Amino acid sequence: FHAETIRIDPALKQQSLFPNLYYQQVDPNVGVEDIVFEPARLHAFVPLDQPNQALRSYPEAVWFLARLHYSGQQPGTVVLNYESINADRVEFYLYDRQSHELSLINRSGTEFPFSERMLQARSFAVTLNFKADQELDLLVKVQDGAVIPSNLQLFSMEEFGLQLLQRQISDGLILGILLVM
């Protein structure tokens, strides 16, 4: 399967996965092994048409795929943020095509306790750890009874923390104003 690679610079602050983000809609019982190891399913991914495209899939699941290449000469960590607050179930996987190693990063969503999220944010965020000059396939499975947004972004740890803090401050101000009214 030919997918355009998203280059990740070690000095990354923020980067959208669009336009090199692919998706497919399948039965929710289809597992990650089926997607990765069955050529017909792997070749069924199609590129998104527009940034932040809303996908209607119920009762099917949406799988997103992005090929990431970390260009740092030292190991590095970035944050992947899926900007959705209502997804029933979100699963994050990394697949190393060279070693054929497939790993679950995190399973989250409104079906799970908030405490099980990797990063305590209203969106679904996980850390991605890279070795020097490493290429990995990112797979994200999303299930929801409503519209599924396609807004996936990469952040440096510092930038993600700043944006999270800004959002919490603005939420606090809005709640304070509502309480005063």
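Residues numbered from 1 in each chain as written. Predicted model: local features only at pLDDT ≥ 70, side-chain atom pairs only at ≥ 80, totals over all residues. Heavy atoms only, no water.

Trainee: Would you mind going over the overall build of the chain with me for this structure?
Mentor: Scanning the chain from N- to C-terminus turns up three helices and 13 strands. Here the C-alpha radius of gyration of the chain, 17 Å, is about what a compact globule of 181 residues would show, namely 16 Å. The dimensions of the chain, computed from C-alpha atoms along their principal axes, are 60 × 45 × 30 Å. Split into buried and exposed, the 181 residues of the chain put 46% on the buried side. Looking at the chain alone, contacts between residues at least 24 apart form 74% of all its contacts between residues at least 6 apart. With the model as given, the accessible surface of the chain reaches about 9600 Å², and the carbon-plus-sulfur share is 53%. (Helix = DSSP H or I, 4+ residues; strand = E, 2+ residues; numbered from the N terminus. Rg over C-alpha atoms; globule rule 2.2 N^0.38 Å. Buried < 20%, exposed > 50% of the residue type's maximum accessible area, 1.4 Å probe, protein only. Contact = heavy atoms within 4.5 Å. Areas by Shrake-Rupley, 256 points an atom, 1.4 Å probe, with all protein chains shown as cover.)

Trainee: Quick question: what am I supposed to make of the pattern of salt bridges here?
Mentor: Pairing is possible between side chains that carry opposite charge, provided their charged atoms lie close to one another. A full pass over the atoms with the stated rule returns nine salt bridges. The salt bridge involving Glu38 is made with Arg41; its shortest N-O contact spans 3.2 Å. By relative accessible area, which is 29% here, Arg41 ends up partly exposed. We note a salt bridge from Asp137 to Arg97, for which the minimum N-O separation is 3.4 Å. With Asp137 in strand 11 (residues 134-143) and Arg97 in the loop between strand 8 (89-96) and strand 9 (101-108), this pair connects stretches of sequence that are 40 residues apart. Connected through salt bridges with shared partners, the residues Arg67, Arg97, Glu135 and Asp137 form a single ionic network. (Salt bridge = Lys/Arg side-chain N within 4 Å of Asp/Glu carboxyl O.)

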